[in-house]
Amino acid sequence: MLDKIKNEIVKAFLFDGDFIYAEPFGCGHINATYAVYFRRETKPPVRYILQAVNTTIFTDPQGLMENIQGVTSHLRKKIQEQGGDPQRETLTLVPTRDGKLLYEDSDGGFWRSYLFIENATCHQSVDRPILFTNAAKAFGHFQKLLADYPADTLHETIADFHNTVNRYELFEKAVAEDKAGRAASVEKEIRFFLDRKADGAVVVDAIKEGRLPLRVTHNDTKLNNIMMDNDTDEGICVIDLDTVMPGSVLYDFGDSIRFGASTADEDEQNLSLVSMDLGLFEAYTAGFLSEAGASLTDEEIRLLPFSAKLLTLECGMRFLTDYLNGDTYFRIHREHHNLDRCRTQITLVADMERKMEEMKKIVAKYVNRT
Ligand code: A2G
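Taking an unreviewed UniProt entry as the reference, the chain is identified by name as Phosphotransferase belonging to Blautia parvula.

As structure tokens, this is what we get:
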């Protein structure tokens, strides 16, 4: 792929300078991401982000790019109004030489590019609680900036993305079909999810019955989807906007806790290292409620602790579904990778169930309803 990038793809984009080299970048599970480097005559070298969109998953790449253009323009305007630096605080798309946002390559692949945000890092884990508080503030702020975005103009890039009732149906189908012949070896894991099927309907039913509002949400709020400033540790830019769609704030809060409050990596094989850290839960809750708390309804606040469990349950079930289907969705880097990921999520769900009362007390401590 690096040859193809050099010989074809980089020539299609409006990059500044002469191409030096390209290298794989980041650790996303879905799209393929590269950094591409350019030499310039009178200025320092520059790099850009280049991404091959996974069109098996995002079947409408044009619609996806319309969303990203709409959302980043909206954010850019607000950041400018508030005196911020839009090239650092939101993603900036680099167009193709013929003015498009996507380049379709000679094999039918779709590519896009962003300016590289320098002097900032996507952290893979929380080594200091302040990082997590700052991530929470950034996601809460992102939510606030998008509160008046016209949600009806957004394409649904992945239908029923966090519809956990639907996710259960897909899981049960994968168990019944057993395409990869693995179901018998993971009976215990299958039972874990089936035992919690009722949880899958809680948020979906509440949205359907109007007890929870739909908002424009990010829907994939892993810690590594925020760029944090290397000097100040502040969360400066929310990235991976592919799943920005109408959703519940609970999806964003819950998914952040699932990933960032864990004491181990998402694919840790030694499960004795995996637990949900209440100190990190508190760090995130404090940051998130300080930014977004005033705009949340009582029902949203009541369900915040449960949402951490729900999103972890959903993600674990998605990893197991993919394992049963033969690993066709998430990129894997070793055999049984999806099963390892599923087992960390199961361990986290069980730990959250034990700690649910303490999580509720922490939320109550940071709710300011005066
Ligand atoms: O992996 C990806 O980022 C998924 N995104 C996200 O939903 C979650 O499953 C995550 C687990 O690390 C998409 O499916 C688009």
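(A) Layout of the UniProt feature "domain: Aminoglycoside phosphotransferase" (unreviewed entry) in the chain. The UniProt record marks residues 138-269 with the feature "domain: Aminoglycoside phosphotransferase" (unreviewed entry), using the residue numbering of this structure. As annotated, residues 138-269 has a helix share of 37% and a strand share of 11%, and its two end C-alpha atoms lie 31 Å apart.

(B) Structural view of the pattern of salt bridges. Overall, the coordinates contain 34 salt bridges when judged by the stated rule. The salt bridge partner of arginine 215 is glutamate 300, with a shortest N-O separation of 2.8 Å. One end of the pair, arginine 215, is in strand 8 (residues 215-217); the other, glutamate 300, is in helix 10 (residues 298-325), and 85 residues separate them in sequence. Its relative accessible area of 0% is what places glutamate 300 among the buried residues. The salt bridge involving lysine 309 is made with glutamate 353; its shortest N-O contact spans 3.0 Å. With lysine 309 in helix 10 and glutamate 353 in helix 11 (residues 337-366), the pair connects residues that are 44 residues apart, well separated along the chain. Each member of the salt-bridge network shares a partner with another, and the members are Arg196, Asp199, Lys309 and Glu353.

(C) Examining helix 6 (residues 187-194) more closely. Among all positions of helix 6, only Glu189, Ile190, Phe192 and Phe193 are buried. The buried residues of helix 6 occupy one face: seen down the axis, they fall within an arc of 155°. More than 90 degrees from the buried face of helix 6, the exposed residues found are Glu187 and Lys188. On its buried face, helix 6 sits against helix 5 (164-177), helix 10 and helix 11.

(D) The arrangement of the nonpolar core in detail. The biggest cluster of nonpolar side chains holds 101 residues, and the ones touching the most others in it are Phe193, Ile257, Met276 and Leu320. Looking at which element gives the most residues to this core, the answer is helix 10, with 14 residues. Excluding its chain neighbours within four sequence positions, the residues that come into contact with phenylalanine 193 are Tyr168, Phe171, Leu313, Gly316, Met317, Leu320, Cys342 and Ile346.

(E) Up close: the packing of aromatic side chains. Applying the stated rule across the entire model yields 18 aromatic pairs. Ring centres 5.7 Å apart and planes at 85° place the aromatic pair phenylalanine 192 and phenylalanine 193 in the edge-to-face group. In this structure, phenylalanine 192 and phenylalanine 193 share a single accessibility class: buried. Following the ring pairs from residue to residue traces out a cluster consisting of Phe13, Phe15, Phe19, Phe38 and Tyr48.

Each value, and the rule that gives it
As a convention, each chain's residues are numbered from 1 in the sequence order in which they are written. In keeping with the model being predicted, local features are shown solely for residues with a pLDDT of at least 70 and side-chain atom pairs are shown and tallied solely at 80 or more, while totals for entire chains, interfaces and linings include all residues. Side-chain metrics rest on all non-hydrogen atoms present in the structure, leaving aside hydrogens and water. UniProt positions are given in the numbering used here, feature names are shortened, and annotations may be inferred rather than shown by experiment. Helix and strand definitions here come from DSSP, where helices need a minimum of 4 consecutive H or I residues and strands a minimum of 2 consecutive E residues; each element is numbered from the N-terminal end. Each salt bridge in this description consists of a side-chain nitrogen of Lys or Arg and a carboxyl oxygen of Asp or Glu lying within 4 Å of one another. Buried, partly exposed and exposed residues are distinguished by accessible area as a fraction of the type maximum, computed with a 1.4 Å probe on protein chains only: under 20%, between the cut-offs, and over 50%, respectively. Directions drawn from the helix axis to the C-beta atoms are what define this arc. Contacts are assigned to residue pairs with any non-hydrogen atoms lying within 4.5 Å of each other. In these notes, a set of buried Ala, Val, Leu, Ile, Met, Phe, Trp, Tyr and Cys residues joined through side-chain atoms within 4.5 Å is what counts as a nonpolar core. Each Phe, Tyr or Trp ring (for Trp, its six-membered ring) is paired with any other whose centre lies within 6.5 Å, and the angle between the two planes then decides the class: stacked below 30 degrees, edge-to-face above 60, tilted in between.

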